[in-house]
Amino acid sequence: MPLLRRFTPLILLPLLVATGAAHAQSTAEAEAKARAANIAAYPDAARALFGQKTTPAAMKARAIGSYARGCLAGATALPVDGENWQVMRVARNRNWGHPELISFLEQFAREVPKITGWSGLLVGDISQVRGGPMLTGHASHQIGLDADIWLTPMPRKRLDSDDRENMAATNMARSDWRDVNPKNWTPAHTRLIRAAASEPRVERIFVNPALKVALCREAGSDRSWLSKVRPMWGHNYHFHIRMSCPPGMEGCQGQEPPNFGDGCGAELDGWVEKQYQAIFNPPKPKPGPKPKPKPPMSLDALPAECRQVLVSR
């Protein structure tokens, strides 16, 4: 999902929330149509060039650039089936990541039954085979260090291909988007996100503002992990894990360590109120013709090394 700053104009938020929801729920048919349209509209854009690659670059594993402006060399695939995980939306071919992230996800999934009582995790988008901008759905996930984990518990049965592509995720937000839906949200969700945030290699966790409200309320006496958990539009069907750059990895641009407290005060109230107003009381569009959309990112906007990643065999 787009990682937008908190001063995002209110007029954009209904679109952002709707786009995030639609992408989380999109079927294989809808995804294929959107990809084809985006390739046709801007065939030379970085998203079209990277989005059509089907095999990883045969290079040493490297996360190159920043989470929202970069690429990935030497990617490793998360197997679509593990004892404690199942990959969703397999047709997107986005179950690729830096080996450090894939190793973490496999280890974390094995611990999930003890943490939550669930059978395991449903894993959403990670990165493309060579990272880079995606044709649909995300501004980040470009360097193989981001992963979406569904908030729907993994069922005990193995999902078939149709379920993998079309099964709906569970919306955890209440109907007014100010808190979680108690029919869907459980203490296990808090334990799961707390465990992920407590991992030293995890840089950030992104959740919808409504979910952050519940996490703040249910955190308990140890609130240190909450500083990594940041509110972000969308993220009501899944939570987003972001790993730190691997130690000593040249060219990987990480984020500032969290230094803003637990994020449970006035700042969170502001996110919740902005989301509510954007959904239920959006500003009227200005009269006149709509401005032309900004063209997607060009290849020149990425680190120079990404050209080599793109053409590598």
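Residues numbered from 1 in each chain as written. Predicted model: local features only at pLDDT ≥ 70, side-chain atom pairs only at ≥ 80, totals over all residues. Heavy atoms only, no water.

**Student:** Honestly, the overall build of the chain in this entry has me stumped. Any pointers?
**Tutor:** From N to C terminus, the chain includes 9 helices and 11 strands. Taking 313 residues into account, the globule formula puts the C-alpha radius of gyration at 20 Å, and the chain, at 19 Å, falls close to it. Judged by the C-alpha coordinates and their principal axes, the chain covers about 55 × 50 × 40 Å. Looking at the chain residue by residue over its 313 residues, the buried ones come to 50%. (Helix = DSSP H or I, 4+ residues; strand = E, 2+ residues; numbered from the N terminus. Rg over C-alpha atoms; globule rule 2.2 N^0.38 Å. Buried < 20%, exposed > 50% of the residue type's maximum accessible area, 1.4 Å probe, protein only.)

**Student:** So what exactly am I meant to see when it comes to the pairing of strand E11 (residues 238-243) here?
**Tutor:** By the criterion of burial, E11 is predominantly enclosed, with 6 of the 6 residues buried. On E11, burial covers both faces: His238, His240 and Arg242 on one face and Phe239, Ile241 and Met243 on the other are all buried. Note that strand E8 (residues 146-150) and E11 share 5 bridges and pair antiparallel. Pairing of Trp150 across the sheet is with His238, part of E11. By the bridge criterion, 4 bridges tie strand E9 (residues 202-207) to E11 in an arrangement that is antiparallel. Opposite Arg204, over in E11, you have Arg242 as the bridge partner. (Pairing = 2+ DSSP bridges.)

**Student:** Help me understand the packing of helix H4 (residues 99-116) against helix H6 (residues 187-197), please; the structure alone is not making it clear to me.
**Tutor:** When two helices pack together, their arrangement is given by the angle between the helix axes and by the axis-to-axis distance. Here H4 crosses H6 at 140 degrees, and the two axes come no closer than 10 Å. The angle between H4 and H6 places the two elements in the oblique class. Relative to H6, the crossing made by H4 is right-handed. Taking contact as the criterion, the partners of Phe108, Val112, Ile115 and Thr116 in H4 are, on H6, Ala188, Arg191, Leu192, Ala195 and Ala196. The residue makeup of the contact of H4 with H6, split by class, is 7 nonpolar, 1 polar and 1 charged. (Axes fitted to C-alpha atoms, helices over the stretch in contact; angles between N-to-C directions. Parallel < 35°, antiparallel > 145°, perpendicular 65-115°, else oblique. Left-handed = near helix turned anticlockwise from the far one by under 90°. Contact = heavy atoms within 4.5 Å. Nonpolar A, V, L, I, M, F, W, Y, C, P; charged D, E, K, R; others polar.)

**Student:** Please explain the packing of aromatic side chains as it appears in this structure.
**Tutor:** Here a ring pair, both rings aromatic, is described through the centre-centre distance and the interplanar angle of the planes. Summed over all chains, the structure comprises 3 aromatic pairs. For the pair Trp233 and Trp271, a centre-to-centre distance of 4.4 Å together with 45 degrees between the ring planes defines the contact as tilted. Of this pair, Trp233 sits in the loop between strand E10 (229-231) and E11 while Trp271 sits in helix H8 (residues 266-280), and the two are 38 residues apart along the sequence. Like Trp233, the residue Trp271 is buried in the burial classification. In this structure, Arg178 packs its charged tip against the face of Tyr276, placed 4.0 Å from the ring centre. Against the face of Tyr67 rests Arg242, its NZ or CZ located 4.1 Å from the ring centre. (Phe/Tyr/Trp six-rings, centres within 6.5 Å; stacked < 30°, edge-to-face > 60°. Lys NZ or Arg CZ within 6 Å of the ring centre and 35° of its normal.)

**Student:** Would you mind showing me how to read the state of the cysteines here?
**Tutor:** What makes a disulfide is a covalent bond joining the sulfur atoms belonging to two cysteines. Summed over all chains, the structure comprises 3 disulfides. Each sulfur of the disulfide joining Cys71 and Cys306 lies 2.1 Å from the other. Disulfide Cys71-Cys306: torsion about the S-S bond near -95 degrees, hence left-handed. Of this pair, Cys71 sits in strand E2 (residues 69-73) while Cys306 is found in helix H9 (residues 305-311), placing the two residues 235 residues apart along the sequence. For the pair formed by Cys71 and Cys306, the shared burial category is buried. Sulfur-sulfur distance for the disulfide between Cys245 and Cys252 comes to 2.1 Å. For the disulfide bridge between Cys245 and Cys252, the dihedral angle about the S-S bond is near -80 degrees, and by the sign convention the bridge is left-handed. Overall, Cys252 belongs to the buried group, its relative accessible area being 13%. Sequence-ordered numbering of the bonded cysteines in the chain yields a pairing of 1-6, 2-5, 3-4. (Disulfide = S-S within 2.5 Å.)

**Student:** Sorry, what's going on with the confidence of the model for the chain here?
**Tutor:** Do not read the predicted coordinates in detail wherever pLDDT is low. Per-residue pLDDT for the chain averages 92, and the proportion of residues at 70 or more is 92%. Considering only residues more than four positions removed or in separate chains, one finds that residues 1-12, a stretch of pLDDT under 50, has 35 contacts. (pLDDT = per-residue confidence, 0-100.)

**Student:** Please clarify how the nonpolar core should be interpreted in this entry.
**Tutor:** Most often, soluble globular proteins keep nonpolar side chains buried together rather than apart. Counting residues in hydrophobic clusters, the biggest one holds 49 residues, and the most contacted among them are Ile193, Ile205, Phe239 and Ile241. Within the residue set of this core, elements represented by two or more residues are strand E5 (85-87), H4, strand E7 (121-123), E8, H6, E9, helix H7 (209-218) and E11. When residues in this core are grouped by element, the largest group, 8 residues, is from H4. Apart from residues lying up to four places away in sequence, Ile193 is in contact with Leu151, Trp185, Ile205, Val207, Leu215, Trp225, Val229 and Phe239. Listed in part, the 11 residues of the second largest apolar core include Ala57, Cys71, Ala73 and Cys306. (Core = buried A, V, L, I, M, F, W, Y, C linked by side-chain atoms within 4.5 Å.)

**Student:** How do you make sense of the packing of H7 against H8 when you look at a structure like this?
**Tutor:** At a minimum axis distance of 9 Å, the contact between H7 and H8 shows a crossing angle of 145 degrees. Handedness of the crossing formed by H7 with H8: left-handed. Across from Pro209, Ala210, Lys212, Val213 and Cys216 in H7, the residues of H8 making contact are Leu268, Trp271, Val272 and Gln275. Of the residues in the contact of H7 with H8, the class split is 7 nonpolar, 1 polar and 1 charged.

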